[in-house]
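Working through the structure, step by step
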Amino acid sequence: MSQADFVVVANRLPVDRDDDGGWRRSPGGLVTALEPVMRKTEGAWVGWAGKPGLELEPFDFEGTHLVPITLSADEVQNYYEGFSNDTIWPLYHDVIAAPRYRRVWWDAYVDVNRRFAEASATAAAEGATVWVQDYQLQLVPAMLRRMRPDLTIGYFHHIPFPAYGLFSQLPWRRQVIEGLLGADVVGFQRVADAGNFARAVRRQFHYTTKASGITVPLEDGSTRNVLAKAYPISIDAESYIELAQRPDIQARAKEIRESLGNPKTVMLGVDRLDYTKGIRHRLKAFGELLEDGRLSVEDATLVQVASPSRERVEAYIQLRDEIELTVGRINGDFDTMDHTAIRYLHQAFPREEMVALYLAADVMLVTALRDGMNLVAKEYVASRIDNRGVLLLSEFAGAADELGSAIRINPHDIDGMKDAIMRAVEMPGTEQGRRMRTLRRRVLDHDVSDWSKSFLEALAAAKR
Ligand code: GDG
């Protein structure tokens, strides 16, 4: 079997299955980010094909060698929906929802991580570079290093890494840290995440941590250096600009505004339906503004795209009920025959439609309670080739570190958020332009290829 010099390991393969059994590239950001790298190196990608019980041989797709991992229905439930999305996800997002610590879920997580590590060990050539992605696979770096000490191993963490006081709840906290320390470079979204990780290492293992790296003692008395550092992820900004320039998409943006009854202000939220995104807080602030009479449905409409997500996890089922109840109440109280308060869409849309929505929106609401980065904020900014529109951005999203010219909000402070929304609604065009130009400069200068390049350069430097 052919072996690759560059291997990506992620929970999901970069492809989705068509109804006719064929494959097409998935639209996700990670796939776009790594596409140029994969093409240059003829790499391999290890991941799950997204369907339980599906057994597939490795195959080639558009120049990448794909290595499918089989997950049984039980494993999907315990490793993916359980430990990944009902233990780690809520714990790492500051316990917004209560994490559940179940030993059977942990056992499945260990087993599945081992299977990913074994497949990666088989796929990687002598001395290859392996890049492991995200919280579903935190044990893979150390497992893989034990199997293949010749490899250079990177790990990127897409979600926050919590403060030690929360992380220490995890019954398997030492195993998780040991797993991550198997990498040569552990990348985080924010400087604060890297700091939280270093502190967890100090508290649990008493290793020395410096800006130049964490010193990990080895059994033979020597040491290894592990670099833990922030590499903020970004988007393929150019592709958003290209879409925003298309006349058909600009026309569609106009059509969207018309279909909403041409209100003065269109506000927009775009999120996976997830409790970390602060959708309820946003609805509360908007509903109160209507109630207070500071906004009316003739003046302002909120479009909320809530794309379906993790629909079998209990916390997500409950959240959907709560949000839909709230939307129904607000619309029931304030809608007229001609205008709606909230246009709620529990659907996923093609990227063209997303960009039309970005162009149609005067105010973009990113109100996450906790978010690793939040790419929607960057997509909105990149799409605004007219230098208009206002971004409201939660300080609890990683993007806040970079996007200082947004209107910064604390989503827990409903009064503060209401004032910020009014400020955005009333902001003069000149101020919008000044802020948007600064935001766009940042996103265009630091796009996703910079992200992968700087991470992979650090990894190359770690190669002895
Ligand atoms: C995780 C971290 C971090 C959403 N609905 C539709 C759609 N989307 C696209 C958005 C955006 C992506 O999905 C969502 O990315 P986010 O960054 O906003 O959030 P998560 O999904 O939670 O991602 C996050 C990210 O990983 C990367 O490291 O930033 O903090 O939680 O690209 O546009 N796309 C389309 N239709 C939809 O209906 N086409």
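Coordinates for the structure precede this section.
Residues numbered from 1 in each chain as written. Predicted model: local features only at pLDDT ≥ 70, side-chain atom pairs only at ≥ 80, totals over all residues. Heavy atoms only, no water.

Bringing the pattern of salt bridges into the picture now. Here the structure, examined in full by the defined rule, presents 34 salt bridges. Put simply, glutamate 62 and arginine 25 hold a salt bridge, and the shortest N to O gap is 2.9 Å. Here glutamate 62 is found in the loop between β5 (59–61) and β6 (64–69), whereas its partner arginine 25 is found in strand β3 (residues 23–25), with 37 residues between them in sequence. Glutamate 62 gets classed as exposed once you look at its relative accessible area, which sits at 55%. A salt bridge links glutamate 288 to lysine 284, with the nearest nitrogen and oxygen atoms 3.4 Å apart. Note that glutamate 288 and lysine 284 are positioned in helix α10 (residues 279–292) at a spacing of four residues, about one turn of the helix. Among the charged side chains, a network of salt bridges with common partners joins Lys284, Glu288, Asp292, Asp415 and Lys418. (Salt bridge = Lys/Arg side-chain N within 4 Å of Asp/Glu carboxyl O. Helix = DSSP H or I, 4+ residues; strand = E, 2+ residues; numbered from the N terminus. Buried < 20%, exposed > 50% of the residue type's maximum accessible area, 1.4 Å probe, protein only.)

The subject of this paragraph is the sheet that holds strand β8 (residues 152–156). Taken in spatial order, the ten strands make up an open sheet running β5-β6-β4-β1-β7-β8-β9-β12-β11-β10, and their pairing is mixed. Strands with a single pairing partner mark the edges of an open sheet, and in this sheet they are β5 and β10 (209–210). The sheet contact formed by strand β7 (residues 124–133) and β8 spans five bridges and is parallel. Bridged to threonine 129 within β8 is threonine 152. Relative to strand β4 (residues 44–48), helix α3 (residues 103–123) is tilted by about 160°, and along the sheet it contacts β1 (4–12), β4, β6 and β7. (Pairing = 2+ DSSP bridges. Contact = heavy atoms within 4.5 Å. Axes fitted to C-alpha atoms, helices over the stretch in contact; angles between N-to-C directions.)

Next up on the list: the nonpolar core. Phe197 and Leu392 are the most contacted members of the largest nonpolar core, which totals 99 residues. Among the elements that line this core, the one with the most residues is α3, at eleven residues. Not counting residues up to four positions away in its chain, the partners in contact with phenylalanine 197 are Phe161, Ile177, Leu180, Leu181, Phe188, Ile214 and Ala228. With 70 residues, the next largest nonpolar core counts Ile233, Ile256, Leu345 and Val355 among its residues. (Core = buried A, V, L, I, M, F, W, Y, C linked by side-chain atoms within 4.5 Å.)

Let's shift gears to the sheet that holds strand β16 (residues 363–366). In any sheet, the strands associate via hydrogen bonds between backbone groups, in a parallel or an antiparallel arrangement. Across the sheet, six strands lie side by side as β15-β14-β13-β16-β17-β18; this open sheet has parallel pairing. Only two strands of the sheet have a single neighbouring strand rather than two, namely β15 (342–345) and β18 (407–409). With direction set aside, neighbouring strand axes in the sheet form an average angle of 20°. As paired elements, strand β17 (residues 390–394) and β18 share three bridges and run parallel to each other.

Interpretation note: all reported values are geometric properties and have no functional meaning in isolation.
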